[in-house]
Structure formats: structure tokens, C-alpha cells
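# Working through the structure, step by step
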2 protein chains.
Amino acid sequence: MPAPTPAVAAPSIEETVTRLRRREAGALARALTAVERRAPGVDDLLARLHPDTGRAHVLGVTGPAGSGKSTLVTRLTQQYRARGRTVAVLAVDPSSTYSGGAILGDRIRMSDLSGDAGVYIRSLATRGAMGGLSRAVLDGITVLDAAGFDAVVLETVGVGQAEVDVISVAHTVLVVSVPGLGDDVQAIKAGLLEIADVHVVNKADRPGADQTYAELRDMLRLSHRRPRQWNVPIVRTTSTRGEGVAELADECDTHLAWLDEHGGRAERERRNAATRVRWAAEELVLDRLRPGHGAFDAHVDAVVARTIDPRAAAAELVHHL
Amino acid sequence: MPAPTPAVAAPSIEETVTRLRRREAGALARALTAVERRAPGVDDLLARLHPDTGRAHVLGVTGPAGSGKSTLVTRLTQQYRARGRTVAVLAVDPSSTYSGGAILGDRIRMSDLSGDAGVYIRSLATRGAMGGLSRAVLDGITVLDAAGFDAVVLETVGVGQAEVDVISVAHTVLVVSVPGLGDDVQAIKAGLLEIADVHVVNKADRPGADQTYAELRDMLRLSHRRPRQWNVPIVRTTSTRGEGVAELADECDTHLAWLDEHGGRAERERRNAATRVRWAAEELVLDRLRPGHGAFDAHVDAVVARTIDPRAAAAELVHHL
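Cut-offs and rules
Residues numbered from 1 in each chain as written. Chains lettered and ligands numbered in written order. Predicted model: local features only at pLDDT ≥ 70, side-chain atom pairs only at ≥ 80, totals over all residues. Heavy atoms only, no water. Helix = DSSP H or I, 4+ residues; strand = E, 2+ residues; numbered from the N terminus. Buried < 20%, exposed > 50% of the residue type's maximum accessible area, 1.4 Å probe, protein only. Contact = heavy atoms within 4.5 Å. Areas by Shrake-Rupley, 256 points an atom, 1.4 Å probe, with all protein chains shown as cover. Pairing = 2+ DSSP bridges. Axes fitted to C-alpha atoms, helices over the stretch in contact; angles between N-to-C directions. Core = buried A, V, L, I, M, F, W, Y, C linked by side-chain atoms within 4.5 Å. Polar contact = N/O pair within 3.5 Å; in protein donor to acceptor, adjacent residues only side chain to side chain. Salt bridge = Lys/Arg side-chain N within 4 Å of Asp/Glu carboxyl O. Buried area = accessible area lost by both parts, 1.4 Å probe. Nonpolar A, V, L, I, M, F, W, Y, C, P; charged D, E, K, R; others polar. Expected span 1.5 Å × (residues − 1). Arc of directions from axis to C-beta. Least-squares fit on C-alpha atoms with pLDDT ≥ 70 in both. Phe/Tyr/Trp six-rings, centres within 6.5 Å; stacked < 30°, edge-to-face > 60°. Lys NZ or Arg CZ within 6 Å of the ring centre and 35° of its normal.

Let us now look at the overall build of chain A. In terms of regular secondary structure, chain A is built from 13 helices and seven strands. Across the 321 residues in chain A, those meeting the buried criterion constitute 50%. Considering only contacts within chain A whose residues lie at least 6 apart along the sequence, 77% involve residues at least 24 apart. Within the structure as shown, chain A displays about 14100 Å² of accessible surface, and the carbon and sulfur contribution to it stands at 51%.

So, in C-alpha cells, the structure goes:
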């Protein structure tokens, strides 16, 4: 039985928007829970927030479990804060059905980042289909972007196509490797190689870091690179001590500047907008084509009676939406 | 690069329909490959075949790898043939990207069933999303049902939600267990328990068969059964020797008769018709909402420019389809 969905706006949408713009933690939490659960009214809020979006630098951080992503994201957040920027972290967990609170990584991070109003951390999960999670991530970015965070960091475990789909909505994708995780890492790296904008060799003080670096460099050399393409850097970090994190932040800035210069940012925005429109259309159509809704039942009856075929029935229903 | 798609009808749709009704292997193979690849023209063929459907008894057979499903399906097919019925087998392989030919199981079966014009065996796979496979299965049933086969048997490895979705389009779902496969089987059984219409304990001559039978019986007792519900039987088979297969065929017949008597067949037909209509509508909409098509690009531009939000853009586009 689903938990009752909280109201998006306690007093009104305008009040919620005002509180979101102040980046009030309570308002952010309620809005993201509404996004996660597709609560009634969330579409109106997202429509209202849409004009205020497009300012945040969206970063995606992915890599295998044990690569120290959470610590790295914490350090990168501190680095951004030191540069005067506000940061929101969205920890995406496709495998978890847990919703609406802090995961272990968040609690650890909280101790380093708590009490700073310029930082907001939240984990996001949705029950059911992967498509639901991708949608929640895009809507979550809308909320955090409109709230005025300078950077929105998506963090996910990069193991499958679903995670690649989620992370590829970012402007800048960071793929984290570590020395000594074995062959699995190679497979993950191969799958993520083409979406990485910045490679990170974390735990660079460990034995084998040079080899991991060299392997990545060779893989990048072997990949087919077109002219005028972004030259993917490899940054070594030891996130537990904060080493290399300033350089990493610099590379992320350089990448965003490069995107702006070469039209890449507009291209990604366009692709994401197209995805949002297609998803919304799908939802709209499927929401109306269900039992008890308009002519749907009569058309299904006709399909069962063999007086019309399913595609012709669908065409008629879509035509009369 | 996709392989060139074969023409659905060499001379005409009517000629194809005539050949399908004669259950010509070549025509069946071409039509199912067209279904698998979503070849141009396949929708017209399916629309033409739709009025001829609704006669076949659709059976779903699922169970873990190593449960002897293929041999069981072969024996059940022989049993149906002995009763004068024609049988089509659709081996569904969600994990395989292999398409259009015989898989290992089919080759083994072929030696037992080859040369019989009343039997048709085919494996079905689609590249890409699971939704594509479910759709191909429904369309494949349309082809085989319209071709006049008395029984259409779907065979799949029951491990995940996707396979459950595929198999649940059948009128009668057989879940195959075997003794001694360990804890994994329990998990599979638990997931499949609610969709099983007939339980089969295969390899019933093995040690532990009594225990497997008892476990299934206890699980069925514990499940919440409503009044007037089908009383799920457990049939013991040793398919390598054909033992228990006649009883299994009887139970399948009894189940279909029970469905007819209690409106269950109409209910499943209705559910499948609704699924077909929704899928067709989704396809129709997404096919038109893509780059270079009508007003799509202009609306995406407007979303990027923030003059409209994605859901409002989708509503306008759907309205003008």
C-alpha cells in the first residue's frame, strides 16, 4: 500500500517557489519527495519552475562500488563551496526501493557538510520501472536548478545501461576508477568510456594507480576521436586527503566552458528537452488510455470482438484525445 | 547497422494470409521474422490477421534453466498431436539477441518433431528493450493463432519480472520445478506462485521429488485463495520418459474449460487487448514525436528557450497529432 503523498505546496505554489528559491531544506525535501512519488500537483510546480532552470552546471559522477565516489563528491562539494558556489547532490540509487531519507553515504557526508545552507544532499529512488527513475532525476534537476544551486551533482553506481541513461543527462560526466578492483572495473570502464568527460583515478596513493592511469590513457588513445572533440582528461585524486580535488574542479569548469564554446551545452539541453517532451506525451496518452476512461473500454471491447484491430483502435483513440 | 528487413508478403497480403492458413513453414517464418524486426508492412498483415484470432489455447511454460522445460514442451506437443491437435511453440529468449533461427533446444526437439506439418517451432528474440519482446510475443501469437494452430506454447526462462510479463499473456501458465536445484528455485517459485495455473514437478523420478511436491503444496495452501478460484494442481512428470504428460495435458484442458466457465478467458483476452491498444498508442505517439517530424522540433526549441514547459509542449503536440 503506497504511503500517503504529501502536499507539494502547503500554502500555495507561489509560496513553495519562494521557499525553494531561498533553498529552504524543508521545501526542497517536500518537492523532491513529490517528484519521486509523482504526487498530485507536482506537474504544476514543475511547470512553474521550468522558466527558472538552465543555470546550474549538472555533473554526473559514476563508478563502481568501492571507488570512493561519495567521499570524492563530498570533497568536490567542499571545493566548490570554497569557490563561493552552492551545491546540490542527488544520490541516485536505481536498485534501492528506499525513498525519502538519508542513506549511509549521506550520513557520513552530513558530518562534513552539515550546517552549510549552501549545500543540499538528497538520495533519490523510485519503485518500479527504470524509466520512472530517469524521469524523477530529470524532474529533480528541475527543482534544484530552479532553486538556484550553482552545481547539481548526480551520483550513481555505474554498472548497467540504466545508470548510463541516468548519468548522461549531465553536462559533465565524471567516471571514477580505482586501482586494484580487478577485471570488473575494466568492463565498467569500457561501457562508460564513451560517456566520460573527465576520468578520475581515485585512491591515487594506492599501489597500481600508475597502471590504472596508463590503462585509461591507452583506452582513450584507442577510442576513435573526431576533430574538435573534447580531450578527455584523467585526474588523479586521493579524496580522503582532498588531493587532486582542486584540479578536478578546474577540469570540470574547463569542460563546461568548452561545451559553451562548441555548442555542446545547447545540444545536451536540447536532447534532454526532447526526452522530457516525449516522456510527458507518453504519460499523457497512457494516462487517458485506461479502463473507465472515455472511449477506451468500448475500443478494447471492439478489439476483443474482432471488429477492429489494436492499432486501428489506438489510432482512433489518439485521434480523439 | 540493422539487417535489411524481408518483405512480409512476397506477392500480396492475401497470398501471405492464404499460406499462413495452410501453416506453410516458409510463410510462418517470414511473418514471425517481420514481427521480430517490426518490418514495414507488418502492421497491415497483423490487422488483416486479427479477425481470425481468438481460437488457439495459449499456454505459457516457465521455470529455471535445468528444469527440463524443452523436453517437457516436446512431450506435451507429442501428446497434443496424439489427440489430433496442431501445436506451435514460441521459445522466448529475453536475454538473447539471436534472431531468426533455431536455438539448441529447438534442434534437439526438431529430431523428435520434424516432418510433422502439424507442429511449428520457433525461437523469438528482439534486440533492445524488453517491451519490444513482449510486443513481439503478442504479435507472434496473433500470427500463429490466425494460422489455425490449436495450441500455442510460449516457453521462457522464468527468472525476472520481464519473463513474468511475457508469460502472463497466456491462458494457462505452467510453472516447472525440479528437485534439488536449491534455494534459487524457492525464490523463483515464490515469484511465479501467483501466476501459475498448473504446477509441474519435472524429473519426478529424482530423489527429493516428494519434498519439492510437498513444498509446493504447502505454498499453495498458504497463499490466500479466494472463493470460486481455480484450484491449482501439481502434476509430477518425468518428461524424458513421457510419464505424467497425459495427465498434464488433461489438467491444461480442464483449466481452459474452467476459464471458459468462469469468464476467465474473456477477462484475459480483454486484458491482452487493452495492452495491445496501449502499446500501439504509445508507438503511434512516439513515432510522430521525434526530430524532424512536424511541430516537434519547434516545441523542443520552445522548451529549451523556457517559453513553454515540457508537459505543456507535450499536450499541444498530442492535441495536434
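That was the structure; now back to the text.
All names here are of chain B. If you walk across this open sheet you meet the seven strands as S3-S2-S4-S1-S5-S6-S7, and the pairing is parallel. Edge strands, defined here as strands with exactly one partner in the open sheet, are strand S3 (119-124) and strand S7 (234-236). Between one strand axis and the next, the sheet turns by 20° as a mean value, whatever way the strands run. Both strand S1 (residues 57-63) and strand S4 (residues 151-157) contribute to a ladder of seven bridges, which runs parallel. By the bridge assignment, Gly60 is partnered in S4 with Leu154. Helix H10 (residues 245-262) contacts S1, strand S5 (172-177), strand S6 (198-201) and S7 of the sheet and is inclined by roughly 145° relative to S5.

Attention now goes to the nonpolar core. The biggest cluster of nonpolar side chains holds 43 residues, and the ones touching the most others in it are Leu20(B), Leu28(B), Val137(B), Val143(B), Leu144(B), Phe149(B) and Leu154(B). Residue contributions to this core peak at eight residues, all from helix H6 (residues 130-146) of chain B. Membership of the second largest hydrophobic core comes to 42 residues, among which are Ile141(A), Val164(A), Ile167(A) and Val169(A).

The subject of this paragraph is the side chain of Glu155(A). Relative to the assigned elements, Glu155(A) resides in strand S4 (residues 151-157). A distance of 3.1 Å separates the side chain of Glu155(A) from the side chain of Ser70(A), its partner in a polar contact.

Further remarks concern the pattern of salt bridges. Residues and elements named next belong to chain A. Here the structure, examined in full by the defined rule, presents 52 salt bridges over all chains. For Arg38, the salt bridge is made with Asp139, and the minimal N-O distance between the two is 3.7 Å. In this pair, Arg38 is assigned in the loop between helix H2 (25-37) and helix H3 (42-49) and Asp139 in helix H6 (residues 130-146), connecting sequence segments 101 residues apart. Classification of Arg38 by relative accessible area gives partly exposed; the value is 32%. Residue classification places Asp139 among the buried positions, given a relative accessible area of 6%.

Turning next to the interface of chain A and chain B. Each partner contributes residues to the interface: chain A has 42 residues there, and chain B has 42 residues. Interface area for chain A against chain B, summed over the two sides, is near 3800 Å², with a carbon-plus-sulfur share of 66%. For chain A, the biggest contributors to the area lost against chain B are Arg278(A), Arg306(A) and Arg311(A); these three give 20% of the whole. Connecting chain A to chain B are ten salt bridges. A salt bridge links Arg311(B) to Glu283(A); its shortest N-O distance comes to 3.8 Å. Counting across the interface, chain A meets chain B through 20 residue pairs in polar contact (both at pLDDT 80 or more). Among the elements of the structure, H3, helix H11 (264-288), helix H12 (296-304) and helix H13 (310-319) of chain A are those that each provide at least two residues to the side of chain A that touches chain B. Examining the composition of the side of chain A that touches chain B, we find that 14 residues originate from one element, H11(A), more than from any other. Along the lines of polarity and charge, the residues of the side of chain A that touches chain B split into 24 nonpolar, three polar and 15 charged.

Quick look at helix H9 (residues 209-222) of chain A now. Residues and elements named next belong to chain A. Spanning 14 residues, H9 covers 20 Å between terminal C-alpha atoms, matching the ideal 20 Å at 1.5 Å per step. Of the positions making up H9, those classed as buried are Ala209, Thr212, Leu216, Met219 and Leu220. The buried residues of H9 occupy an angular sector of 100° when projected down its axis, which confines them to one face. Of the exposed residues in H9, the ones pointing more than 90 degrees away from its buried face are Asp210, Gln211, Arg221 and Leu222.

Here we take up the relation of the copies chain A and chain B. Overlaying chain A with chain B gives an RMSD of 0.2 Å, the required rotation being 179° about an axis along which the chain moves by 0.1 Å. Within this description, the copies of the chain are treated as partners about a two-fold rotation axis. Relative to the rotation axis, the closest C-alpha in chain A is found at Glu282(A), a distance of 3.0 Å. Taken as a fraction of all interface residues of chain A, those also at the interface in chain B reach 100%, which identifies the copy contact as same-surface.

Time to look at the packing of aromatic side chains. Two descriptors summarise a pair of aromatic rings, namely the distance from one centre to the other and the angle between the planes of the rings. For the structure on display, the rule yields two aromatic pairs over all chains. With a centroid separation of 5.7 Å and an interplanar angle of 55°, the aromatic rings of Trp230(A) and Trp258(A) are classed as tilted. Linking Trp230(A) in the loop between H9 and strand S7 (234-236) with Trp258(A) in helix H10 (residues 245-262), this pair joins segments that are 28 residues apart in sequence. Here the basic side chain of Arg23(A) rests over the ring of Phe149(A), its NZ or CZ set 5.5 Å away from the ring centre. In this structure, Arg236(B) packs its charged tip against the face of Tyr213(B), placed 4.1 Å from the ring centre.

Let's shift gears to the side chain of Arg311(B). Position of Arg311(B) among the secondary structure elements: in helix H13 (residues 310-319). There is a polar contact of 3.1 Å between the side chain of Arg311(B) and the side chain of Asp43(A). Those residues within four positions of Arg311(B) in sequence are excluded, and the remaining contacts are Arg38(A), Asp43(A), Leu46(A), Asp139(A), Ala280(A) and Glu283(A).

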